[in-house]
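Commentary on secondary and tertiary structure
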Amino acid sequence: MSSSQSLGGATRCGRVIGPSLDKIIKNAAWRKHTFLVSACKSVLDKLESLSDSPDPSSPLSGLSSSDADSVLQPLLVSLDTSYPKVLEPALDCSFKLFSLSLLRGEIHSSNPDSLLFKLIHSVCKVCSIGDESIELSVLRVLLAAVRSSSVLIRGDCLLNLVRTCYNVYLGGFSGTNQICAKSVLAQIMLIVFARSEANSLDVSVKTVSVNDLLAITDKNVNEGNSVHICQGFINDVMSAGEAAPPPPDFRLVLHDSAPEPPDDEDPSAMPVESRSGTSPEDGATSKIREDGFLLFKNLCKLSMKFSSQENTDDQILVRGKTLSLELLKVIIDNGGPIWRSDERFLNAIKQYLCLSLLKNSALSVMSIFQLQCAIFASLLTKFRSGLKSEIGIFFPMLILRVLENVLQPSFLQKMTVLNVLNNISTDPQLIVDIFVNFDCDVESPNIFERIVNGLLKTALGPPPGSSTTLSPVQDITFRHESVKCLVSIVKVMGTWMDQQLSMGESLLPKSAENEASADSHSNANGDEGATVDHDFHPDLMSESSDASTLEQRRAYKIELQKGISLFNRKPAKGIEFLISSKKVGSSPGEIAFFLRNTAGLNATMIGDYLGEREELPMKVMHAYVDSFDFKGMGFGEAIRFFLRGFRLPGEAQKIDRIMEKFAERFCKCDPNSFSSADTAYVLAYSVIMLNTDAHNSMVKEKMTKADFIRNNRGIDDGKDLPVEYLGVLYDHIVKNEIKMSSDSIAPQSRQANSLNKLLGLDGILNLVSWKQTEEKAVGANGLLIKHIQEQFTSKSGKSESAYHAVTDVAILRFMVEASWGPMLAAFSVTLDQSDDRLATAECLRGFRYAVHVTAVMGMQTQRDAFVTSMAKFTNLHCAADMKQKNVDAVKAIIAIAIEDGNHLQDAWEHILTCLSRIEHLQLLGEGAPSDATYLATSNAESEEKKALGFPNLKKKGALQNPVVMAVVRGGSYDSSTIGPNALALVTQEQITNFIANLNLLDQIGSFQLNHVYAHSQRLNSEAIVAFVKALCKVSMSELQSPTDPRVFSLTKLVEIAHYNMNRIRLVWSRMWSILSDFFVSVGLSENLSVAIFVMDSLRQLSMKFLEREELANYNFQNEFLRPFVIVIQKSSSAEIRELIVRCISQMVLSRVSNVKSGWKSVFKVFTTAAADERKNIVLLAFETMEKIVREYFSYITETETTTFTHCVKCLITFTNSRFTSDVSLNAIAFLRFCALKLADGGLIWNEKSRLSGSSTPVTDDSIKSFTDADENISYWVPLLTGLSKVTSDPRSTIRKSSLEVLFDILKDHGHLFSRTFWIGVFSSVIYPIFNSTWGKNDMLSKDEHDSLSALSPHSEGVPWDAETSALAAQSLVDIFVRFFNVIRSQLSSVVSLLAGFIRNPVQGPTVAGVAALLRLADELGGSFSEDEWREIFMALKEAASLTLSSFMKILRTIDDIPDEDVLSDQDISNDDDLDEDDLQTMSYVVSRTKGHIAVQLQVVQVVTDLYRIHQESLTASHIRVLLEILSSSASHAGELNSDIVLQKKVRRACSILELSEPPMLHFENDSYQNYLDVLRDLLTCNPQLSDELNVESQLVEVCMKILEIYLRCTMSLAIECEKTKRTTNCILPMGAASKEEAAARSPLVVSALKVMSGLKRESLKRQAASLFPLLVDLVRSEHSSGQVPEVLRTMFRVCIGPIIGE
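Here is what the cut-offs are and how they apply
Residues numbered from 1 in each chain as written. Predicted model: local features only at pLDDT ≥ 70, side-chain atom pairs only at ≥ 80, totals over all residues. Heavy atoms only, no water. Helix = DSSP H or I, 4+ residues; strand = E, 2+ residues; numbered from the N terminus. Buried < 20%, exposed > 50% of the residue type's maximum accessible area, 1.4 Å probe, protein only. Areas by Shrake-Rupley, 256 points an atom, 1.4 Å probe, with all protein chains shown as cover. Phe/Tyr/Trp six-rings, centres within 6.5 Å; stacked < 30°, edge-to-face > 60°. Axes fitted to C-alpha atoms, helices over the stretch in contact; angles between N-to-C directions. Parallel < 35°, antiparallel > 145°, perpendicular 65-115°, else oblique. Left-handed = near helix turned anticlockwise from the far one by under 90°. Contact = heavy atoms within 4.5 Å. Nonpolar A, V, L, I, M, F, W, Y, C, P; charged D, E, K, R; others polar. Salt bridge = Lys/Arg side-chain N within 4 Å of Asp/Glu carboxyl O. Arc of directions from axis to C-beta. Expected span 1.5 Å × (residues − 1). pLDDT = per-residue confidence, 0-100. Disulfide = S-S within 2.5 Å.

All right, on to the overall build of the protein then. Check the secondary structure of the protein and you find 75 helices and four strands. Counting only residues that meet the buried cut, the protein has 55% of its 1702 residues in that class. Carbon and sulfur atoms make up 51% of the accessible area of the protein, which amounts to about 72,100 Å² in all.

Attention now goes to the packing of aromatic side chains. Going through the model one piece at a time under the given rule, you end up with 43 aromatic pairs. Measuring from ring centre to ring centre gives 5.3 Å for Trp 1276 and Phe 1313, while their planes differ by 70°; the resulting arrangement is edge-to-face. With Trp 1276 in helix H58 (residues 1276-1286) and Phe 1313 in the loop between helix H59 (1292-1309) and helix H60 (1315-1334), this residue pair connects regions lying 37 residues apart in the sequence. Phe 1313 carries the same exposure label as Trp 1276, and that label is buried. Pairwise contacts between aromatic rings join Tyr 624, Phe 628, Phe 630, Phe 635, Phe 641, Phe 642, Phe 646, Phe 662, Phe 666, Phe 674 and Tyr 725 into one cluster.

Glancing now at the packing of helix H7 (residues 132-147) against helix H8 (residues 155-171). Each pair of packed helices can be summarised by the angle the axes make with each other and by the distance between the axes. Packing of H7 against H8 brings their axes to within 11 Å, and their N-to-C directions diverge by 150°. As far as their axial angle goes, H8 and H7 are roughly antiparallel. In this structure, H7 meets H8 at a crossing whose hand is left-handed. Within the contact between the two elements, H7 uses Glu 135, Val 138, Leu 139, Leu 142 and Val 146 and H8 uses Leu 161, Thr 164, Cys 165, Val 168 and Gly 171. Along the lines of polarity and charge, the residues of the contact of H7 with H8 split into seven nonpolar, two polar and one charged.

A few words on the pattern of salt bridges. A pair can form between side chains of opposite charge whenever their charged atoms are brought close. Scanning the entire structure with this criterion turns up 39 salt bridges. Lys 96 is the partner of Asp 92 in a salt bridge, and the nearest nitrogen-oxygen pair spans 3.4 Å. Within this pair, Asp 92 and its partner Lys 96 are both found in helix H5 (residues 84-99), separated by four residues, close to a single helical turn. For Asp 835, the salt bridge identified is with Lys 883, shortest N-O distance 3.5 Å. Taken together, the positions of Asp 835 in the loop between helix H36 (811-833) and helix H37 (837-856) and Lys 883 in the loop between helix H38 (860-873) and helix H39 (884-899) put the pair 48 residues apart, joining distant regions of the chain.

Think of an α-helix as 3.6 residues a turn; residues three or four steps apart then line up on the same face. Within helix H25 (residues 588-597) the residues assigned to the buried category are Ile 591, Ala 592, Phe 594 and Leu 595. Down the axis of H25, the buried side of the element spans an arc of 160°, and every buried residue falls inside it.

Residues apart from glycine generally show negative phi values, whereas peptide bonds are mostly found in trans. With a phi angle near 55°, Asn 199 is a residue other than glycine that sits in the positive phi range. The residue Gln 905 is not glycine, and still its phi comes out positive at about 50°. Within the fold, Gln 905 resides in the loop between H39 and helix H40 (908-926). Looking at Gln 905, the relative accessible area reads 28%, which means it is partly exposed.

A rise of 1.5 Å per residue sets the reference length of helix H52 (residues 1158-1170), with its 13 residues, at 18 Å; its end C-alpha atoms lie 18 Å apart and thus fit the reference within 8%. Taken together, the buried positions of H52 are occupied by Gly 1158, Trp 1159, Lys 1160, Ser 1161, Val 1162, Phe 1163, Val 1165, Phe 1166, Thr 1168, Ala 1169 and Ala 1170. As for H52, its buried residues are in contact with helix H50 (1116-1130), helix H51 (1134-1150), helix H53 (1175-1191), helix H54 (1193-1196) and helix H55 (1203-1215).

Here we take up the packing of helix H21 (residues 472-503) against H36. Viewed as axis vectors pointing N to C, H21 and H36 meet at an angle of 145°, and their least axial separation amounts to 10 Å. Read as a crossing pair, H21 and H36 show a hand that is left-handed. Contacts between H21 and H36 involve Arg 479, Val 483, Leu 486, Val 487, Ile 489, Val 490, Met 493, Trp 496 and Met 497 from the former and Ile 811, Leu 812, Met 815, Val 816, Ser 819, Met 823, Ala 826, Phe 827, Thr 830 and Gln 833 from the latter. Residues that form the contact of H21 with H36 fall into these classes: 15 nonpolar, three polar and one charged.

This paragraph deals with the environment of Leu 690. Looking at the secondary structure, you find Leu 690 in helix H30 (residues 677-695). The class of Leu 690 is buried, set by a relative accessible area of 0%. When residues no more than four places from it in sequence are discounted, the contact partners of Leu 690 are Met 703, Phe 708, Tyr 730, Ile 733 and Val 734.

Before going further, it helps to examine the confidence of the model for the protein. Mean pLDDT over the protein works out to 75, with 77% of the residues at or above the 70 mark. Looking over the protein, one finds the lowest element-wise mean pLDDT in helix H34 (residues 762-765), namely 35, and the highest in H37, namely 91. Across residues 976-983 the pLDDT falls below 50, and counting only partners more than four positions away or on other chains, this stretch makes 23 contacts in the model.

To continue, consider the state of the cysteines. Two cysteines form a disulfide when their sulfur atoms are joined by a covalent bond. Taken as a whole and judged by the stated rule, the model has zero disulfides. Cysteine Cys 124 shares no disulfide, and the gap to the nearest cysteine sulfur, in Cys 157, comes to 6.6 Å. Cys 354 forms no disulfide, and the closest cysteine sulfur to it belongs to Cys 300, at a distance of 9.0 Å. Exposure remark for Cys 354: the relative accessible area of 3% places this residue in the buried category.

Looking now at the side chain of Thr 840. As for its placement among the helices and strands, Thr 840 is situated in helix H37. When its relative accessible area of 0% is taken as the criterion, Thr 840 is described as buried.

Our focus in this paragraph is the environment of Asp 1304. Counting through the fold element by element, Asp 1304 comes out in helix H59. Sequence spacing of Asp 1304 and Ser 1371 is 67 residues, and the spatial spacing of their C-alpha atoms is 8.6 Å.

Next up, the structure:
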């Protein structure tokens, strides 16, 4: 050991080389290797004398260049010996030199004389000896050489090294060696491309995993522990290289000074040839990247090598192709930023790798297909931003074609595709990008939509009745895997959505959307090199589109496809639709361009449309043909080119039109081709016929060339075309068929082919037939390859090919719209048909993810569809058929409720319905009695149900109970109950199965069930409202069950209300709005027990809520108690109304200190109860109301300013109670108490407002200005108006009490009222009292209404008695007198009102009115102004005139009653002369006449009294009105008394009806007497005023009128003479009636004579001429009283005599 260590001298490299040379010497054959031995010894001797001498140009570290050449020469010789014993130490030495970085320099074929090149070349040749251990040694050396950081292997040398490893893999002697070779190649790829990424030799490279390399291929060559051996082999080589850093004095030049010429070799050339491409940059080119590019290109070329025709089954070539694809997969899987940032590498992928995938796409080798899919998946994951067009081609070709093959797929191929899709669907951004860049791009296929639909088809399996090659196990596997893929897709959609929402779009600047999107979405696989391509390729994702733009693109694409689909059925309608939707222009040229360039159009339909004879299709056909340029084309090539885009129609006329135009166009493009277009037209027909004849298998006798030439003779204007020309054309057509675009006629593939045509892939896919068994080089079709590459190039230049990155979550809406239907179908069918636990669990996961996405995105229809489906799959509505998967669905429903509750909205109803049904079933299973037991409608039914009982079904079996039987029978999901009742009984077996299924529900505990409700407190504001709304619906459904009402959800409502009671007011208001309507609706239920239970639940909830304190001026307590108000107002059940009163009473009295705004609802409840028809409810409510007012009045208005009003209204309602007067009287007394509190400022809110310096808001907007003392003035309004209304109560005691209290309040507290408010009090409180009695609205002053005038007047009340009238009138006067200075403006209205009393036909009000008016004048007469006095008298005048006019109308009603002449006043007609109606009329007239006379007399009396008392205050105008009143009354009395006919009718009616006659004579005498007295008094006491008013003449006129009336009564002769027109004076004695009348009139006549006697002589003298005849007639008359003659004598003696004597 010591000797070997000393070999090689002192140098570092010598210590490595020396032992190896020594071993070579020992192992060499002396005779055969003499030169080698001597060379080794020479070198050993030389090494002893050498020392380390750094030389940067030397290939061997520590030695000079010359010494290095001599030292390494023996190694080269040893490697050339092909002798294993010599090769082993030589290879080992080479390995150590490379591993320890002792060898250094660049190895390139351009310098074949360098030692390193010779060394690598020699090592590569060693493999040819065929020794197994030598192969491993060679692999180790080669890997160490590539791994060395001081050696750069380039160009052909690198390719030769790779080829050597290839050869070991293909021809290795053992499976271990082959696996090692494959592993070494993979490791070399990692090293080379890791250095290319970093552009440096010194990089960290990960070690390849041998086990991963065997995932697809070479599992058959694995020999036991080969994987372990190979992994150790790779690890040893890699770890040996890591321990030796490059020497510090050495540095490789990694850039060429100038790029090499571009590579234009044929792609099919051998990969070992050295070719270097150029860098796109000017200047130096990275050698490392050049080598990487070269290696990648040659690997792609190697993967495109196909079998020769002589040897079509070359397995070695297939293995080499497979290895190339595996290495390409390693490169792509580990590709870094360089592949995105360097256009050269990206173009290499497009130019070489994509071409390789294309050429290999037709092979049936499964490993190649799997590798293609794996490579494509990597490209899609990492490089999709730069390969959009390529992905659009390969995705349908590799993935979708296999996915959509449902009937006869290859199991392995489809499983490979499903695995690829499963891997793809783990990347959220990838799925979104696919949809955005393809499904939203008009020029791209709908990849996402087709993925989802393809997975749906696979999940559903082959259609029923179809034949398939799949075994049942394979079909089930496909179904489960496809469902798994769909679940992964919807999952990543939700993940992407959550990521975007969590990022917060508002925090991101618009320009940073791309970067943010890229940073937030890394590959879900977690591979080190598998990062999303956005990070490193911003230039290819320059367009970051928002959702609105993509929505427009998506909508455009959908509408365009709709138009294309319509065209393919009816071309004309399709074109019309496309033009109307502006997808195509209306000009023929634009339509022709569309037909020629749009993918997806049916070629046959294009031909049919172009052949139509209508104007537009004809123009389109001409434009279509004119769009072709046939210049430079031969006729055969031109017609082939022309027919490529459509299929000629079958109708000859259509073909004729098309060919005619083609011929014209061809001749126009090539004028020298034929003499005329006719020649081209005929030849075109001949070519088409030849093409059909030559290539139609149905034609047995083919057309020969001679036949063809003969058929075309003379077509060129009578001349023949050249025979050679026709012969070449014939050969061209026969050898190469003209293939017109056509559609498959197979119905099962029609849809797929139309899709392929739409995607522009039909030309490719028709060639890619998975049925072929041999390895045919489909890719060798150069024209096809060229065509596809042209497509790539053309698409890359379009704006639509730009790659779009989206961060707007709104894009998910369109994704969901495209995928939710297939997902729902797949999940539902699988869940329904499969009982496999894993499959159903996967479907339920899919449902959960789908609900999450649709719920968060607010897609109500889709969300409800998923939730409804899940709810149906719980099978709770048909529990007898439940299985484990149904219980799992229940668990999933609960999970959804917990996880996505914030977004479920209306879907909560389905979830809560499930929870309700679970609870019902669990109760049945436990044997608990149903809620119907406690909600029995009658005691008899209750006892019956209790007798039946609900035994524990799980333990004791079940009886034939109706509820259990209904559940066992089951029902539909939408039924309100779990199962409808039926008459038939179920069997014991059915019950047993049902009980067994109930045991499954034990998996769902009460905690899980209740957790949903408890979790409600974590829901957001919108969600809790939706939750409550849904729970109300479910509870309503439970309670309304006609057979089995339940209260489960109702109790949960109370619970969740309690849980969420701490939410903010705004949210609570929305919640309670729903709960309130619910409680009202159920509280009004016809089922009394349910309504009682609901009201009690509401009471419990209200008690809990009242425990919370409420601040001032809030209204939530009022809203909370509002259901009680509505129910008591609308409920027809006395029990419910009584319960509500008791509930409110209990709540208020127990929580009185906490009640704030709730007082409003409390009083509304009691107000409604006060008007109830049940006495006990009224008394119960008043009992509580009495206690509130007496003991808790201070709480009523503690915080609310309007509560006092509600309290007053409530008390007023109690005053109207008809059951007992005590309640009404007490309520009135409480109103007096409220007024006292109000006047004293004893309301707490008032005190607080004053302390805070704020004024109380006035409820009536029209009451505007108040003083400080009037802050609460508006709260008098309801109190006063309420009492005012009570005054019309039919009960006398209540009327009097209310009147007393009302006017007492006004008298006691009126000093607090402002003038404005007083006006309102009169108009809306006082006047309505009297209006309700008289029914006269015209008494009110129409000009003085303010805030209170808006209140409605009372309805017509009950007439008052005399006592009430007197009280009301005197109280009114008291008020007016006391506050006259404030309410002076109301005088006219008050006087009018009192005048109304006076003119009342009832005696009591009249007396009261007179007394009140006189008192008013007595009290305020001295204060009245002239106008005010005038108002009084004018009111009296108006009263008199109104009475007079109305009375005259009454008198006219008897005009039609017949009259009978009565010669004697004792003669009375019989009763039979008047019918019943006339008697009633006369009776009414008599009654009204008496009343009218009384009113007139009262007016006269009032006027006279006012004059006598206040004559000093009256002016001439007042006296004039006064005299007018007296004069009018007297005149009316005289007219009434002078109507003989009326008197006869009245006297006759009174006689018949036995009534007293109206005092008409008395009325006349009193009227004239008062009139006479006033005139005499004026003339005597106030001469000046008398002169002004000409009283004397009026007095004389009245006296003469009196005398004339008297004379008319006493002088019967004059009357008779008047009748007979005789002039003879004849005196006849008076009858009894006349004597009686004369006696009654005598006092008046005496008064008149005395008045006249008192006149001054001058006055009497002036009137003598008219007066003397009357006096003479008096002398002649018969008098029934002696006073008249006596006064007459005195007058003649004293007055007349002196005048005559003069």
